[in-house]
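Here is how the chains run, residue by residue.
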Amino acid sequence: MQDRLLIATRVKQTIAYASKSVENYPHQENVLKNHLLESFDHLLRLVYLSNIHVGEKKIEYRRDLLVELKMIDYYLKISCEKKLISLKKYHSLGTYLLDINNMILGWIKHETSE
């Protein structure tokens, strides 16, 4: 699971932790579960895409990463409100997301300062 990109490793760790949390969602919440898991997959894909592109396209992908993080946070908030995940898990996943968010912002800042 170790990757040369620290942010990719963090995203994978977050996906692993979140997957354990959402596997017990009731059947009627499959749409929410699927949106959440697809968003995590898309987040990881965007990490790799933003690493291989250059110039403005790279920054665009990194901004898309921030949007995808906001969507994941939204889905997790709904999950917590519906009592599908505990408040403790919500805060724990929020910490993971905050860490990833800070990494992305640092990545963008570094890219724009060059």
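Look above for the structure.
Residues numbered from 1 in each chain as written. Predicted model: local features only at pLDDT ≥ 70, side-chain atom pairs only at ≥ 80, totals over all residues. Heavy atoms only, no water.

**Quick look at the overall build of the protein**
Broken down by element type, the protein carries four helices and zero strands. The linear arrangement of helices and strands in the protein, starting from the amino end, is α-α-α-α. Here the C-alpha radius of gyration of the protein, 15 Å, is about what a compact globule of 114 residues would show, namely 13 Å. Its C-alpha atoms give the protein principal-axis dimensions of roughly 45 × 25 × 25 Å. A buried classification covers 42% of the 114 residues belonging to the protein. Residue pairs in contact within the protein that sit at least 24 positions apart in sequence constitute 67% of those at least 6 positions apart. (Helix = DSSP H or I, 4+ residues; strand = E, 2+ residues; numbered from the N terminus. Rg over C-alpha atoms; globule rule 2.2 N^0.38 Å. Buried < 20%, exposed > 50% of the residue type's maximum accessible area, 1.4 Å probe, protein only. Contact = heavy atoms within 4.5 Å.)

**Concerning the nonpolar core**
In this structure, Ile-7, Val-11, Leu-36, Val-47, Leu-76 and Ile-104 are the most contacted members of the largest nonpolar core, which totals 34 residues. Going through the elements one at a time, helix H1 (6-22), helix H2 (30-52), helix H3 (56-81) and helix H4 (87-113) are the ones with two or more residues in this core. Among the elements that line this core, the one with the most residues is H3, at nine residues. (Core = buried A, V, L, I, M, F, W, Y, C linked by side-chain atoms within 4.5 Å.)

**Some thoughts on the packing of aromatic side chains**
Scanning the model with the defined rule gives two aromatic pairs in all. Look at Tyr-74 and Tyr-75: their rings are 5.8 Å apart centre to centre, the planes differ by 55 degrees, and that puts the pair in the tilted class. According to the relative accessible area criterion, Tyr-74 is partly exposed, its value standing at 45%. The class of Tyr-75 is buried, set by a relative accessible area of 12%. In this structure, Arg-62 packs its charged tip against the face of Trp-107, placed 3.7 Å from the ring centre. (Phe/Tyr/Trp six-rings, centres within 6.5 Å; stacked < 30°, edge-to-face > 60°. Lys NZ or Arg CZ within 6 Å of the ring centre and 35° of its normal.)

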